[in-house]
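Structure at a glance
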Amino acid sequence: GTDGANALIDEYANAPTAEARKTCLDALRDLRRTYDALFALARDVDPPVVRLAAVILGDLGEPKGEELLVEMLQHTDANARRSAVAALSRFPSDRALEALGVSSRDEAALVRARAVAGLIARRDLRAVPLLAPLLDGEDDREVLYAAIEGLGALGGAEAVQLLIRCAQGEGEHPLRRTAAY
C-alpha cells in the first residue's frame, strides 16, 4: 500500500548512491500505490517534501507523473515550481514542452531560468517561439542572457533572425538601446 511506497520514497531520499536510488525507483514502479503516495507528497505544505515528489516523478518518467508535475507548476513555493520544471524537462512530450514555455513566464526568475534551460536542453526548434518573448520582456539579466545563448545554441532561421534583431538593438526590450542587451 501507500506505507510501502512511503518507505521506498524515504529510502530514495536517503540513498547514498545513484545505484541505490535506481533500485528504489525500480521498486516504486512495481508498487500499485506509488502515485497515491506521490500525489499526497506533491500536496504537502512543506516545500522540501514537494520538491522530493517532483524529483521522483521526473525520475520515474511516467505519463501520470507528468500530469501531476504540470499541476505542481501552480504551487505557491517558487522552489517547488522550479523542481517541477526541472522534472518536466526530462519528459519528451508536447505537453511538457508547452508547460516549459508557460514556466518561462513564471513570476520567479529561478523558475524562468530553469524553464529556459529545459527548453534549450530539448534541442527542439519548437522552443524558439517559446523563448522569443523573453527577448522583449525579460527583466532578469541572467534569464535574458540564457535565452539569448539558448537561441544561439538551437540555431535555425527563426532563432538567427531573432538574434540579429537583438544585436541591432531592435525590439521592445527596455534595454534595447544597449545593442547587445
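Residues numbered from 1 in each chain as written. Predicted model: local features only at pLDDT ≥ 70, side-chain atom pairs only at ≥ 80, totals over all residues. Heavy atoms only, no water.

Focus: the side chain of glutamate 66
Cut-off, in case you're wondering: Here a strand is any run of E in DSSP of at least two residues, a helix any run of H or I of at least four, and the numbering for each starts at the N terminus. Buried residues are those whose accessible area, probed at 1.4 Å on protein chains only, stays under 20% of the maximum for their type, while exposed residues exceed 50% and partly exposed ones sit between those limits. Asp and Glu are treated as the negative residues and Lys and Arg as the positive ones, with His and the ends of the chain left uncounted. Here, a salt bridge means any side-chain nitrogen of Lys or Arg that lies within 4 Å of a carboxyl oxygen of Asp or Glu. Note on contacts: a residue pair qualifies if any of its non-hydrogen atoms lie within 4.5 Å across the two residues.
Tracing the sequence through the fold places glutamate 66 in helix α5 (residues 63–72). For glutamate 66, which is buried and forms no salt bridge, the nearest opposite charge comes from arginine 95, at a distance of 5.7 Å. Non-local contacts of glutamate 66, meaning those with residues more than four positions away in its chain, are made with Leu88, Phe91, Ser93, Arg95 and Ala96.

Some details on the packing of aromatic side chains
Heads up, the condition is: Only Phe, Tyr and Trp rings take part, Trp by its six-membered ring, and two of them pair if their centres are within 6.5 Å. Stacked means planes under 30 degrees apart, edge-to-face means over 60, and tilted covers everything else. Should the NZ of a Lys or the CZ of an Arg lie within 6 Å of a ring centre and within 35 degrees of the ring normal, that charge is described as sitting over the ring.
Evaluation of the coordinates by the stated rule reveals zero aromatic pairs. Sitting over the face of the ring of phenylalanine 39, arginine 43 holds its NZ or CZ atom 3.7 Å from the ring centroid.

Some remarks on helix α11 (residues 157–167)
The cut-off we apply is this: This arc is built from the directions going out from the helix axis to the C-beta atoms.
By the burial criterion, the buried members of α11 are Ala159, Leu162 and Cys166. Seen along its axis, α11 keeps its buried residues to an arc of 65°; they face one direction. Residues of α11 that are exposed and point more than 90 degrees away from the buried face comprise Ala157 and Gln161. Tucked into the core, α11 has its buried residues touching α9 (128–137) and α10 (141–154).

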